[in-house]
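Here is what each chain is made of, one letter per residue.
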Amino acid sequence: LMNQGALDAPFTYIPSATKVGFCFKFAPKEGIIAAGGSQSVQISFSATVLGSFEEEFQFNVAGSPRPAILTIKGSVTAPSLHFDLPELDFGDISFGFPYMQRCRLTNSSPVPLTFQLRMSDDGTQPAVDSVDQIRRDTDPAWRKGIHFYVEPREFTMNPSQGTILPQGHQDIEVTLCSNTVMEFYQRMLVDLEGIGKGVATLIITARCLVLELQLSPQVLLYDECHLKVPYDRKILIRNPKHLPGCDRLIPQKRKEDSAMLYSSPKPCGIVQPQSTAEIPVVGAVQALGTHRTNVV
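Rules used throughout
- Residues numbered from 1 in each chain as written.
- Predicted model: local features only at pLDDT ≥ 70, side-chain atom pairs only at ≥ 80, totals over all residues.
- Heavy atoms only, no water.
- UniProt positions renumbered as here; feature names shortened; annotations may be inferred.
- Helix = DSSP H or I, 4+ residues; strand = E, 2+ residues; numbered from the N terminus.
- Domains from an automatic or database assignment.
- Pairing = 2+ DSSP bridges.
- Buried < 20%, exposed > 50% of the residue type's maximum accessible area, 1.4 Å probe, protein only.
- Contact = heavy atoms within 4.5 Å.
- Axes fitted to C-alpha atoms, helices over the stretch in contact; angles between N-to-C directions.
- Core = buried A, V, L, I, M, F, W, Y, C linked by side-chain atoms within 4.5 Å.
- Phe/Tyr/Trp six-rings, centres within 6.5 Å; stacked < 30°, edge-to-face > 60°.
- Salt bridge = Lys/Arg side-chain N within 4 Å of Asp/Glu carboxyl O.

### A short note on the UniProt feature "domain: HYDIN/VesB/CFA65-like Ig-like" (unreviewed entry) in the protein chain
Point 1. Cross-referencing UniProt, the feature "domain: HYDIN/VesB/CFA65-like Ig-like" (unreviewed entry) maps to residues 1–74 in the present numbering.
Point 2. As a span, residues 1–74 carries 0% helix and 49% strand, and end to end its C-alpha atoms are 21 Å apart.

### Some details on the domain arrangement of the protein chain
Point 1. According to the domain assignment, the protein chain contains domain 1 (9–76), domain 2 (81–209) and domain 3 (214–285).
Point 2. The gap between the C-alpha centroids of domain 1 and domain 3 is 82 Å.

### Observations concerning the pairing of strand β19 (residues 231–239)
Point 1. Strand direction decides the pairing type here: strand β18 (residues 214–216) and β19, joined by three bridges, are antiparallel. Bridge assignment links Ser216 to a residue of β19, and that residue is Leu236.
Point 2. Two strands pair when backbone bridges link them, and β19 and strand β23 (residues 275–285) are joined in this way by nine bridges, in the antiparallel orientation. Within β23, the position partnered with Leu236 by the bridge is Glu278.

### Observations regarding the environment of Val190
Point 1. Relative to the assigned elements, Val190 resides in strand β16 (residues 183–192).
Point 2. You can call Val190 buried: its relative accessible area is 0%.
Point 3. Sequence spacing of Val190 and Ala62 is 128 residues, and the spatial spacing of their C-alpha atoms is 50 Å.
Point 4. Those residues in contact with Val190, other than ones at most four positions away along the chain, are Leu81, Phe83, Leu105, Phe115, Gln116, Leu117, Lys197, Gly198, Val199 and Ala200.

### Some points on the sheet that holds strand β1 (residues 9–14)
Point 1. Pairing is antiparallel in the open sheet, where four strands are placed in the order β3-β1-β5-β6. Both edges of this open sheet fall to β3 (30–33) and β6 (68–76), since each of them pairs with a single strand only. Between one strand axis and the next, the sheet turns by 25° as a mean value, whatever way the strands run.
Point 2. In the sheet, strand β5 (residues 51–61) pairs with β6 via nine bridges, with the strands oriented antiparallel. Across the sheet, Gln58 pairs through a bridge with Ile69, a residue of β6.

### Some thoughts on the nonpolar core
Point 1. Core analysis: the biggest nonpolar cluster contains 30 residues, and Phe83, Phe90, Leu117, Val174, Met188 and Val190 have the highest contact counts within it.
Point 2. Counting residues per element, the ones that place at least two in this core are β7 (81–83), β8 (87–94), β9 (98–107), β10 (113–119), β13 (155–158), β15 (169–177), β16 and β17 (196–209).
Point 3. Counting residues per element, this core draws most heavily on β17, which supplies five residues.
Point 4. Excluding its chain neighbours within four sequence positions, the residues that come into contact with Met188 are Phe83, Cys103, Leu117, Arg118, Met119, Met157, Val174, Ala200, Thr201, Leu202 and Ile204.
Point 5. Counting twelve residues, the second-largest nonpolar core is a separate cluster that includes Val271, Ile279, Val281 and Val285.

### Examining the sheet that holds strand β21 (residues 260–263)
Point 1. The strand order across the open sheet built from four strands is β18-β19-β23-β21, with neighbouring strands paired in antiparallel fashion. The sheet terminates laterally at β18 and β21, the two strands that pair on one side only. Direction aside, neighbouring strands of the sheet carry axes that sit 30° apart on average.

### A word on the packing of aromatic side chains
How two aromatic rings sit relative to each other is set out by the distance from centre to centre and by the angle between their planes.
Point 1. If you walk through the whole model with that rule in mind, you get ten aromatic pairs.
Point 2. Between Phe155 and Phe184, the ring centres sit 5.8 Å apart and the planes meet at 90°, which makes this aromatic pair edge-to-face. Of this pair, Phe155 sits in strand β13 while Phe184 sits in strand β16, and the two are 29 residues apart along the sequence. Across the pair, exposure class does not vary: Phe155 and Phe184 are buried alike.

### Thoughts on the pattern of salt bridges
Point 1. The full count for this structure, using the stated rule, is six salt bridges.
Point 2. Ionic pairing is found between Arg104 and Asp171, a salt bridge with its closest N-O pair at 2.7 Å. One end of the pair, Arg104, is in strand β9; the other, Asp171, is in strand β15, and 67 residues separate them in sequence.
Point 3. Assessed through its relative accessible area of 32%, Arg104 is described here as partly exposed.
Point 4. Take Asp171: its relative accessible area is 40%, and that puts it in the partly exposed class.
Point 5. For Lys197, the salt bridge identified is with Asp191, shortest N-O distance 3.9 Å.
Point 6. Judged by relative accessible area, which is 10%, Asp191 ranks as buried.

Here is the structure:
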């Protein structure tokens, strides 16, 4: 604002009542400009309405019959953010095994966009990875299944937030570790800081399965054994499917009168697709006679 007169000029900004006018802020809103002097005014604009606009902003000047008028023109466009895929399909996945897929998020807007990713329906407690599960031999989940007090968080995104420069992109790694036997059809949503939630969406599909591993032999014979002498045998676990599985020999619940004790130096492992794994079983009889026990 410039005062080209010979007297000091008190001024006051007249607030606009239009939808676009509310998006503008002026600082300072009032003041006094000395004769021949000037006043810098900072204008802030935060758009809430799309489309082209032309707005007049007025400043009253004490003693002047007409206000000083500033016209501002412009156009507000929606952020243009999109994934490179319409859908991320994991296909068939094995319970408790993490699977990773990649996608790309592109910003075709002329301004940088700060994003955050979230799933439309995802829990807070991290899912259990099978590699961790096989280390926990006393975990009741081996007998009773995995149970959560709240829904498990089965999806992770890396990175899950960041800023994409104009005409730039961000590669995203999406990992699914399912603890739920089900078919997945969920949405990954993109929230933009200061703009809105769910401005872009990517559909994610998958089917989680629990494998039925085949055991042989069905009966492990130790034949004639010496009392309390350990004998080695092997159980073969075959996985005929195209997905990996995990297995563990459940520790024996020993009682004082247990007639036959068994253990394994390698009680757990991963059975790769269409392959066979071995579990060594060491047995030792504790009393004379013929004995039978179940190995779980």
